[in-house]
Amino acid sequence: MKKFYVTTPIYYVNDKPHIGHAYTTIVADVFARYYRQKIGKENVFFLTGTDEHGAKIAEAAKKNNQTPGDFVDQISDQYQIAWKALGISNDYFFRTSNPDHKKIVQSVLQTLYDKGYIYKSLYKGIYCVGCEKYLMEDEIIDGKCPHHPTTELAEQEEENYFFKLRDLAPKVLDALENERYSVFPSERRNEILSKIRGDINDISISRTGVDWGIPVPWDSKHTIYVWVDALFNYYTATLIVPNKKHFWPADLHLMAKDILWFHALIWEALLIALDKELPKVIFAHGFFSIDGQKMSKSLGNIINPLDLVKSYGTDGLRYLLLTSFAFGNDGDISLSKFTKKYNADLANGIGNLVSRIARLCEQSGYNFLSVFEGVVVESDESIDKAMLEYRPDEAIRIIWNQIQSFDKDIHNDQPWTLNGEKLQQILESYVQRIISIANNLKPFLPNTAEKIIAIFGAEKIVKPEPLFERKK
Ligand SMILES: [Zn+2]
């Protein structure tokens, strides 16, 4: 692999950042940091951002007595602040309100229109303002949208521009079957395959009466559907950020499974119609509950990631979220067990191990600088394998096994009973080993990895402050 381009969805600014957004973004950050270590910083491009257009945003701004522009600035800032607190190392923060993005989206839409992929027709259907889309029959349960059970659904009829998704679906199917792009995990791929093999209709790609958005270039009464506008961010970014053009196509689009359909079919169809290369991998992770309960505003269990950073620190939260369940599957984030796990794995686990070794080194009176400088960083095959299989949770589990067996070895070696050359040798091997663990940790717990390296790379090793303060 020569370059690696990873994206999160751009998050819709009707919502403040919550733990769901944080989870996807932390995983993307892990992949970005991992590949920076592998192939060099300059060969990785990590994109996240905010999706800022649409009727729903204009409405929310009005409720707040703000202009849409001021409103989106404010929410977008909240995302950027949250990502900073989580140690997210994105190379660029994309905003769809960017005027350069608008120009590019208008120009690609004009191309699609000129090529005959877009036509005008009457659209009639049941619209959900919450989803910003017309719902299919099977998406309406007991007369309600299951995602927005308190929203009244209404029939709407309007003249729309349509995209010829039906004609393009066989080409998308062919591309997926022949692995010109891939969808993971495999259950998701199978779902998408059977859906594409079914009956695909053309989709409406414009709205009337929506001012906050990008006008259709040949007919300014119409605004480009917010989803189409948003999907193009992945491509636009490679053009508007200097020197990123060669990063297209994306290597990994990460998202939760509720928006897989847009990414695994509609996005590909748009790109095929434009003769653009397809993203390599679309990975949809599962949904999760919080302590066994569905996350919802009415239950009041929407969690602000900043609150968790206050409790567990940046790396603490990254660890607790990443190890909650297997990446890709549905799972549960057991907040009630966070403190216990934090104490066991972080305060007692890696924290204790580091201070134990540092204390032994300090007491020995030897100098370990030449050992530190001589450490050859080798990549760990089992971690590489886990990352290639999109299992950051498995990679981190491997590192924790290394930590545990290190603890056991110290227990067996009983270095406190040794002295002279024997002690020096064993401590030198410990320093090498802890540095290699720190290197493995870098993508997952970057601050902790840096701290460990600073402790053992110091002129004189001394027992440090605890890496993770025990919690009650
Ligand atoms: Zn809805």
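Scope of this entry: the structure provided in the associated data block. (Residues numbered from 1 in each chain as written. Predicted model: local features only at pLDDT ≥ 70, side-chain atom pairs only at ≥ 80, totals over all residues. Heavy atoms only, no water.)

**Quick look at the pattern of salt bridges**
- All chains considered together, the criterion is met by 23 salt bridges.
- Linking Lys-38 and Asp-384 is a salt bridge whose minimum nitrogen-to-oxygen distance equals 3.1 Å. Taken together, the positions of Lys-38 in helix H1 (residues 19-39) and Asp-384 in helix H13 (residues 381-388) put the pair 346 residues apart, joining distant regions of the chain.
- Lys-38 sits in the partly exposed class, given a relative accessible area of 39%.
- For Asp-384, a relative accessible area of 15% translates into the label buried.
- Residues Arg-95 and Asp-73 are paired through a salt bridge, measuring 2.7 Å at the closest nitrogen-oxygen approach. With a gap of 22 residues between them, Arg-95 in strand E3 (residues 92-95) and Asp-73 in helix H3 (residues 68-85) connect regions that are remote in the sequence.
- Residue classification places Asp-73 among the partly exposed positions, given a relative accessible area of 35%. (Salt bridge = Lys/Arg side-chain N within 4 Å of Asp/Glu carboxyl O. Helix = DSSP H or I, 4+ residues; strand = E, 2+ residues; numbered from the N terminus. Buried < 20%, exposed > 50% of the residue type's maximum accessible area, 1.4 Å probe, protein only.)

**So, the sheet that holds strand E9 (residues 206-208)**
- Taking strand neighbours across the sheet as the criterion, the three strands line up as E9-E11-E10 in an open arrangement whose pairing is antiparallel. The open sheet has two edge strands, E9 and strand E10 (215-216), and neither has a second partner.
- Across three bridges, E9 lies against strand E11 (residues 219-224) in antiparallel orientation. Within E11, the residue paired with Ser-206 across the bridge is Ile-224. (Pairing = 2+ DSSP bridges.)

**Some points on the coordination of the zinc ion**
- The zinc ion binds to the protein through Cys-128 (SG), Cys-131 (SG), Cys-145 (SG) and His-148 (ND1), with metal-donor distances spanning 2.1 to 2.3 Å.
- Taken together, the four donor atoms coordinating the zinc ion and their angles of 105 to 116° define a geometry best described as tetrahedral.
- Read from N- to C-terminus, the donor residues coordinating the zinc ion fall into the pattern C-x2-C-x13-C-x2-H.
- Assessed through its relative accessible area of 1%, Cys-145 is described here as buried.
- By relative accessible area, which is 22% here, His-148 ends up partly exposed. (Donors = N, O, S within 2.8 Å, 3.2 Å for Na, K, Ca; no water. Tetrahedral: all angles 85-135°; square planar, octahedral: opposite > 155°, others 65-115°.)

**Topic: the nonpolar core**
- Counting residues in each nonpolar core, the largest one holds 160 residues, and the members touching the most others are Phe-163, Ile-350, Trp-400 and Phe-456.
- Looking at this core element by element, the count peaks at twelve residues for H1.
- Discounting residues that sit within four places of it in the chain, Phe-163 has contacts with Leu-112, Tyr-117, Ile-118, Leu-168, Asp-202, Ile-203, Ile-205, Ala-269, Leu-270 and Ala-273.
- Ranked by size, the runner-up nonpolar core spans five residues in total, among them Cys-128, Leu-135, Cys-145 and Leu-153. (Core = buried A, V, L, I, M, F, W, Y, C linked by side-chain atoms within 4.5 Å. Contact = heavy atoms within 4.5 Å.)

**Digging into the pairing of strand E6 (residues 154-163)**
- In this structure, strand E4 (residues 118-128) lies alongside E6, joined through ten bridges in antiparallel fashion. Looking at the pairing, Ser-121 lines up with Asn-160 of E6.
- Two strands pair when backbone bridges link them, and E6 and strand E8 (residues 203-204) are joined in this way by two bridges, in the antiparallel orientation. Each bridged residue has a counterpart across the sheet, and for Phe-163 the counterpart in E8 is Ile-203.

**Describing helix H16 (residues 446-456)**
- Those residues of H16 that sit buried are Pro-446, Thr-448, Ala-449, Ile-452, Ile-453, Ile-455 and Phe-456.
- Looking at the buried residues of H16, the elements they touch are H1, helix H10 (305-322), helix H11 (338-364), helix H12 (369-374) and helix H15 (420-441).

**Describing the packing of aromatic side chains**
- This model, assessed by the stated rule, comprises 35 aromatic pairs.
- With a centroid separation of 5.5 Å and 70° between ring planes, the pair formed by Tyr-23 and Phe-288 is classed as edge-to-face. Of the two residues, Tyr-23 is situated in helix H1 and Phe-288 in strand E14 (residues 288-290); the sequence distance between them amounts to 265 residues. Per residue, the accessibility class of Tyr-23 equals that of Phe-288, and both read buried.
- A ring pair is formed by Phe-283 and Tyr-390, whose centres lie 5.5 Å apart and whose planes are at 45°; its orientation type is tilted. With Phe-283 in strand E13 (residues 281-285) and Tyr-390 in the loop between H13 and helix H14 (392-413), this pair connects stretches of sequence that are 107 residues apart.
- Members of the aromatic cluster, each reached through a chain of ring pairs, are Tyr-5, Phe-45, Phe-232, Tyr-234, Tyr-235, Phe-247, Trp-248 and Trp-267.
- When the ring centre of Phe-406 is taken as origin, the NZ or CZ atom of Arg-433, which lies over that ring, is 4.3 Å away. (Phe/Tyr/Trp six-rings, centres within 6.5 Å; stacked < 30°, edge-to-face > 60°. Lys NZ or Arg CZ within 6 Å of the ring centre and 35° of its normal.)

**A short note on the packing of H10 against H11**
- Put simply, H10 and H11 touch, their axes get as near as 11 Å, and they point 100° apart. Put simply, H10 runs roughly perpendicular to H11. Here Tyr-312, Gly-316, Leu-317, Tyr-319, Leu-320 and Leu-321 of H10 come into contact with H11, specifically with Phe-338, Thr-339, Lys-341, Tyr-342, Asp-345 and Leu-346.
- Of the residues belonging to the contact of H10 with H11, the class tally is eight nonpolar, two polar and two charged. (Axes fitted to C-alpha atoms, helices over the stretch in contact; angles between N-to-C directions. Parallel < 35°, antiparallel > 145°, perpendicular 65-115°, else oblique. Nonpolar A, V, L, I, M, F, W, Y, C, P; charged D, E, K, R; others polar.)

**Concerning H13**
- All of the buried residues along H13 are Ile-383, Asp-384, Ala-386 and Met-387. For H13, the angular spread of buried residues about the axis comes to 160°, placing them on one side. In H13, the exposed positions that point more than 90 degrees away from the buried face belong to Glu-381, Lys-385 and Leu-388.
- Its buried side turned inward, H13 meets H1, H14 and H15. (Arc of directions from axis to C-beta.)

**Some words on the environment of Asp-138**
- As for its position among the elements, Asp-138 is in the loop between strand E5 (133-135) and E6.
- Taking the C-alpha atoms as reference, Asp-138 lies 36 Å from Glu-394; in sequence the two are 256 residues apart.

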